[in-house]
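Listed below are the residues making up each chain.
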Amino acid sequence: MPIPFELAITMLPQDEIRPDYLLALYSLVLDLPKPALILEIGCWLGQSTLMMACAGQGTDTHIISVDPVFVYGEHSSIKEPGRIFTYRSSLIALMLRIGSARLDGYISIVPEFSERLITRWDNRQLDFLLVDGERSPDAVSRDCFWMQHVKPGGYCAFDDWHLEPVRASVGKYMESHPEWEIFRDDATTPFLRKKLPE
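These numbers were taken from a predicted model, which means no experiment stands behind them.

**Student:** Explain the environment of Leu32 here, please?
**Tutor:** Mapping Leu32 onto the fold places it in the loop between helix H2 (19-31) and strand E1 (36-41). Residue Leu32 is classed as buried on the basis of its relative accessible area, which comes to 5%. For the pair Leu32 and Thr61, spaced 29 residues apart in the sequence, the C-alpha separation amounts to 9.0 Å. Look past the residues within four positions of Leu32 in its chain and what remains in contact with it is Ile38, Asp127, Phe128 and Tyr155.

**Student:** In this structure, what is going on with the pairing of E1? I would like to understand it.
**Tutor:** Successive residues of a regular strand alternate their side chains across the two faces of the sheet. Judged by how many residues are buried, E1 sits mostly within the fold: 6 of 6 residues are covered. The pairing of E1 with strand E2 (residues 61-66) spans 6 bridges and is classified as parallel. Each bridged residue has a counterpart across the sheet, and for Glu40 the counterpart in E2 is Ser65. Crossover connection from E1 via helix H3 (residues 47-56) to parallel E2: handedness right-handed. Across 4 bridges, the pairing between E1 and strand E4 (residues 126-131) is parallel.

**Student:** I tried to follow unusual backbone geometry on my own but got confused; where do I start?
**Tutor:** Backbone geometry follows two general trends: most residues other than glycine have a negative phi, and most peptide bonds adopt the trans configuration. The step from Lys34 to Pro35 runs through a cis peptide bond, and the omega angle for that step is 5 degrees. Relative to the helices and strands, Pro35 resides in the loop between H2 and E1. The backbone of Asp160 sits at a positive phi, close to 60 degrees, despite the residue not being glycine. Summarising the element assignment, Asp160 is placed in the loop between strand E5 (150-158) and helix H8 (164-176). With a relative accessible area of 13%, Asp160 lands in the buried category.

Parameters at a glance
- Residues numbered from 1 in each chain as written.
- Predicted model: local features only at pLDDT ≥ 70, side-chain atom pairs only at ≥ 80, totals over all residues.
- Heavy atoms only, no water.
- Helix = DSSP H or I, 4+ residues; strand = E, 2+ residues; numbered from the N terminus.
- Buried < 20%, exposed > 50% of the residue type's maximum accessible area, 1.4 Å probe, protein only.
- Contact = heavy atoms within 4.5 Å.
- Pairing = 2+ DSSP bridges.
- Right-handed = clockwise from strand over helix to strand, strands pointing away.

Geometric descriptors of this kind do not, in isolation, establish any biological role.
Right under this line is the structure:
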């Protein structure tokens with residue numbers, strides 16, 4: 001059965017914890033129809049990764065977490081070698097947390113760029129897409145392509161919505177894809193829902 005939220009939050013890296021956001025994330029994953037497939041683009045310290053896995057424990061939930069820096073050492077906003085080391089160290093810490101919480105069966109870490117992975121995607125439909133990757137307009141627009149793989153009735157969230165490149169790029173996508181609507185409004189990370197066919 002799922003790990004209670006109050007316990008799950010103590011298992012996370014305690015860097016810039018956002019309880020309201022994490023609770024919304026936990027609740028959404030808890031309520032997803034099962035089996036559930038989740039794609040996370042960008043995992044940083046793994047707070048969202050672990051929280052979603054805690055909500056999915058004991059159910060048929062699987063999270064694919066994609067982040068390129070672990071293997072390439074490339075990231076548009078990270079140029080200093082020390083930051084690259086920090087990222088790779090965070091992967092080791094994340095894997096240890098996943099193992100100690102016995103969440104191995106719920107999470108797959110994919111060291112790849114999301115735009116490269118999508119060219120090999122096997123058209124599985126997603127129940128939830130969480131995007132917390134690069135914030136440049138081009139990068140956000142590329143990640144919007146993943147929204148086509150979310151099944152009707154599924155959800156999507158872009159972190160850092162308050163940043164202009166994120167809000168503008170996702171807003172532009174939604175204008176040309178009216179099947180998407182804001183499900184839960186939040187200044188930092190609103191949750192979007194793909195409408196069911198009428």
